[in-house]
Amino acid sequence: MATVTIWNEYRHEREDDEVAAVYPDGIHATLADALEADHDVRTATLDEPEHGLTDEVLESTDVLLWWGHRAHDEVADDVVDRVQERVLEGMGLLVLHSAHFSKVFKRLMGTTCNLQWRESGETERLWVVDPGHPIADGLEEYVELPETEMYGEPFDVPEPDRLVFTSWFEGGEVFRSGCCYRRGNGRIFYFRPGHETYPIYENEEIRQVLRNAVEWATPTRGSPRTFGNRPRDEP
Ligand code: ZN
């Protein structure tokens, strides 16, 4: 059992009736519902003091989930620093959908993280392209999502260490939808599905991916990260 913190911007759901109808208690509550049978789950949102991500919270988090969209710029840089530091120490990070543009993800990737998009309710086939990967455990060949926002290549991120999913969209585009990275000791998974006006996080297969990804990103004990000047071990 991991200690999981779900971070949500939580603005769309409070300001837009269409979104509130899909996620009445916030996207974070729906994500928590998918994970809390297996993990110790808590949530944090942008408008809490320190965005709910105090030193104490981050220190005790094994895996952090991040969903944001319209208010990326309102995330304080010192919180971004803190999240980055914790990832380097080994905390897992799941970056969801429009969080491709979050300060946290851009900092960790070092690229623009830009992409193409179109909001027109198209069908998506989320193909498993690495069937032996633990994040794909229990899935069929692909997950079909009837109504989605299209994200298309080029996706300006570094080459992933492993690519688990590639999406195809009804309009013809493709996208690298499940990208694994390591930064320091931390494991990072970018997962594309999850637009605020579609009930993507109610989908049982998507919830399976999230559970698998939390397992995969949970830190292992590892070996000490020791840097700087070192005396000889041998005389
Ligand atoms: Zn979206």
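Our subject is the structure that appears above.
Description of the structure in this document. (Residues numbered from 1 in each chain as written. Predicted model: local features only at pLDDT ≥ 70, side-chain atom pairs only at ≥ 80, totals over all residues. Heavy atoms only, no water.)

## Side note on the overall build of the chain
For the chain, the count of helices and strands is seven helices and nine strands. Taking 18 Å as the expected radius of gyration for a compact globule of 235 residues, we find that the chain reaches 18 Å, a close match to that expectation. Seen along its three principal axes, the alpha-carbon backbone of the chain occupies a region of about 70 × 40 × 35 Å. Across the 235 residues in the chain, those meeting the buried criterion constitute 52%. Carbon and sulfur atoms make up 45% of the accessible area of the chain, which amounts to about 11,000 Å² in all. (Helix = DSSP H or I, 4+ residues; strand = E, 2+ residues; numbered from the N terminus. Rg over C-alpha atoms; globule rule 2.2 N^0.38 Å. Buried < 20%, exposed > 50% of the residue type's maximum accessible area, 1.4 Å probe, protein only. Areas by Shrake-Rupley, 256 points an atom, 1.4 Å probe, with all protein chains shown as cover.)

## With respect to the pairing of strand β7 (residues 162-169)
Here is the key point about a regular strand: its side chains alternate between the two faces of the sheet. Looking at chain direction, strand β5 (residues 116-128) and β7 are connected through five bridges and run antiparallel. In the sheet register, W127 faces β7, and the bridge partner there is T166. Alignment of β7 against strand β8 (residues 174-183), held across six bridges, turns out to be antiparallel. By the bridge assignment for β8, L163 is matched with C179. Where β7 folds back on β8, the antiparallel hairpin that results is connected by four residues, among which G172 adopts a positive phi of roughly 115°. (Pairing = 2+ DSSP bridges.)

## Focus on the nonpolar core
Judged by nonpolar contacts, the single largest core of 37 residues is most densely connected at L65, I135, F165, F189, F191, Y201 and I206. Looking at this core, the element that brings in the most residues is helix α7 (residues 204-217), giving seven residues. Look past the residues within four positions of I135 in its chain and what remains in contact with it is V164, F165, C180, F189, V209, N212, A213 and W216. Counting residues in hydrophobic clusters, the runner-up holds 34 residues, among them L58, F105, M150 and F155. (Core = buried A, V, L, I, M, F, W, Y, C linked by side-chain atoms within 4.5 Å. Contact = heavy atoms within 4.5 Å.)

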